[in-house]
Amino acid sequence: MTLKKLLLTIAGGVAIVGAFLPWAAVKFFVSVRANAFQMGEPLPIILAILALLCGVALICLNVLKEKQIKNIVKIKDLEKLPLWIGIALAAIAVIAFIYVKASTSGVATPSFGVWAIAIAGVAAIVLPFLKNVKELDKTVIGKPEKAEKTEKKATTKKK
């Protein structure tokens, strides 16, 4: 697994965790927080489920092998899919920010669950654009034997 795939996998995990973290916080004398499922309205629940699905999709795209993914999903260009998932996560975060502010007339503030989803979305948007950063694609995390073998094959092909 390359460093870029690891970072995208972590972004997917952050999106999943963000769906369960508090989304709204009210601070008067006591701090009260509620996640999307505790808010009691359908829009935050739908947004949380979509964030969960996007996080799972990001993890599956980076953990599974390309052949396994192509057997499940018939998409030709898998490299652009993390970008679209990141855009979806960012849109979910923006809608959640607006919803929390509007539904409580500005009394509640968006909490760290929404921020986590926003960070995961931004990471998933930015990382696919880092194609020119060779260290992200070359840095292999995990089994170093495979990394050495792939480097040897690459050098023998160049000769």
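Residues numbered from 1 in each chain as written. Predicted model: local features only at pLDDT ≥ 70, side-chain atom pairs only at ≥ 80, totals over all residues. Heavy atoms only, no water.

A. Quick peek at the side chain of Ser 111. Mapped onto the elements of the fold, Ser 111 is located in the loop between strand 3 (109–110) and helix 5 (112–126). Setting aside anything within four residues of it in sequence, one finds Ser 111 in contact with Pro 22, Trp 23, Ala 24, Ala 25 and Arg 33. (Helix = DSSP H or I, 4+ residues; strand = E, 2+ residues; numbered from the N terminus. Contact = heavy atoms within 4.5 Å.)

B. Looking closely at helix 1 (residues 3–20). Spanning 18 residues, helix 1 covers 26 Å between terminal C-alpha atoms, matching the ideal 26 Å at 1.5 Å per step. Within helix 1, the full set of buried residues consists of Lys 4, Leu 8, Thr 9, Ala 11, Gly 12, Ala 15, Gly 18 and Ala 19. (Expected span 1.5 Å × (residues − 1). Buried < 20%, exposed > 50% of the residue type's maximum accessible area, 1.4 Å probe, protein only.)

C. Looking closely at the pairing of strand 1 (residues 22–27). As judged from the 5 bridges shared by strand 1 and strand 2 (residues 31–35), these two strands associate in the antiparallel manner. Each residue of the ladder has a partner; that of Ala 25, found in strand 2, is Arg 33. Hairpin remark: strand 1 followed by strand 2, antiparallel, with 3 residues in the connecting loop. (Pairing = 2+ DSSP bridges.)

D. Representation of the packing of aromatic side chains in the model. Taken as a whole and judged by the stated rule, the model has 2 aromatic pairs. On the numbers, 4.8 Å between centres and 75° between planes, the contact of Phe 97 with Trp 115 is edge-to-face. With Phe 97 in helix 4 (residues 81–103) and Trp 115 in helix 5, this pair connects stretches of sequence that are 18 residues apart. (Phe/Tyr/Trp six-rings, centres within 6.5 Å; stacked < 30°, edge-to-face > 60°.)

E. Local environment of the sheet that holds strand 1. Read across the sheet, 3 strands follow the order 2-1-3 without closing on themselves; strand pairing throughout is antiparallel. With partners counted over all chains shown, the strands left at the sheet margins are strand 2 and strand 3, one partner each. Examined bridge by bridge, strand 1 and strand 3 share 2 bridges and lie antiparallel to one another. Pairing of Ala 24 across the sheet is with Pro 110, part of strand 3.

F. Here's a closer look at the confidence of the model for the chain. When pLDDT is averaged across the chain, the result is 82; 75% of the residues are at 70 or more. Element-level mean pLDDT values for the chain span from 53 in helix 7 (residues 144–158) up to 93 in helix 5. (pLDDT = per-residue confidence, 0-100.)

G. A look at the nonpolar core. Membership of the largest hydrophobic core comes to 26 residues, with the highest contact counts inside it found for Trp 23, Ala 51, Leu 58, Ile 85, Leu 89, Ile 92 and Ile 117. Elements supplying a minimum of two residues to this core: helix 1, helix 2 (42–63), helix 4 and helix 5. Among residues more than four places away in sequence, those in contact with Ile 92 are Leu 47, Leu 50, Ala 51, Cys 54 and Ile 117. (Core = buried A, V, L, I, M, F, W, Y, C linked by side-chain atoms within 4.5 Å.)

H. Inspection of the environment of Met 39 at higher detail. Positionally, Met 39 belongs in the loop between strand 2 and helix 2. Along the sequence, Met 39 and Trp 23 sit 16 residues apart, while their C-alpha atoms lie 8.7 Å from each other. Setting aside chain neighbours within four positions, we find Met 39 in contact with Trp 23, Ala 24, Ala 34, Pro 44, Tyr 99 and Val 100.

I. Seen up close, a nonpolar patch on the surface. A contiguous nonpolar patch, built from Phe 20, Phe 37, Ile 46, Ile 49, Leu 50 and Leu 53 and spanning about 550 Å² of accessible area, is present on the exposed surface. Of all the elements, helix 2 adds the most residues to the nonpolar patch, at 4 residues. Within the secondary structure, Phe 20 sits in helix 1. Classification of Phe 20 as partly exposed rests on a relative accessible area of 46%. (Patch = residues over 30% accessible without salt bridge, like charges linked within 9 Å, V, L, I, M, F, W, Y side chains within 5 Å. Areas by Shrake-Rupley, 256 points an atom, 1.4 Å probe, with all protein chains shown as cover. Salt bridge = Lys/Arg side-chain N within 4 Å of Asp/Glu carboxyl O.)

J. Broad picture of the side chain of Thr 9. Checked against the element boundaries, Thr 9 lands in helix 1. Aside from chain neighbours lying at most four places away, what touches Thr 9 is Met 1, Ile 59, Asn 62 and Val 63.

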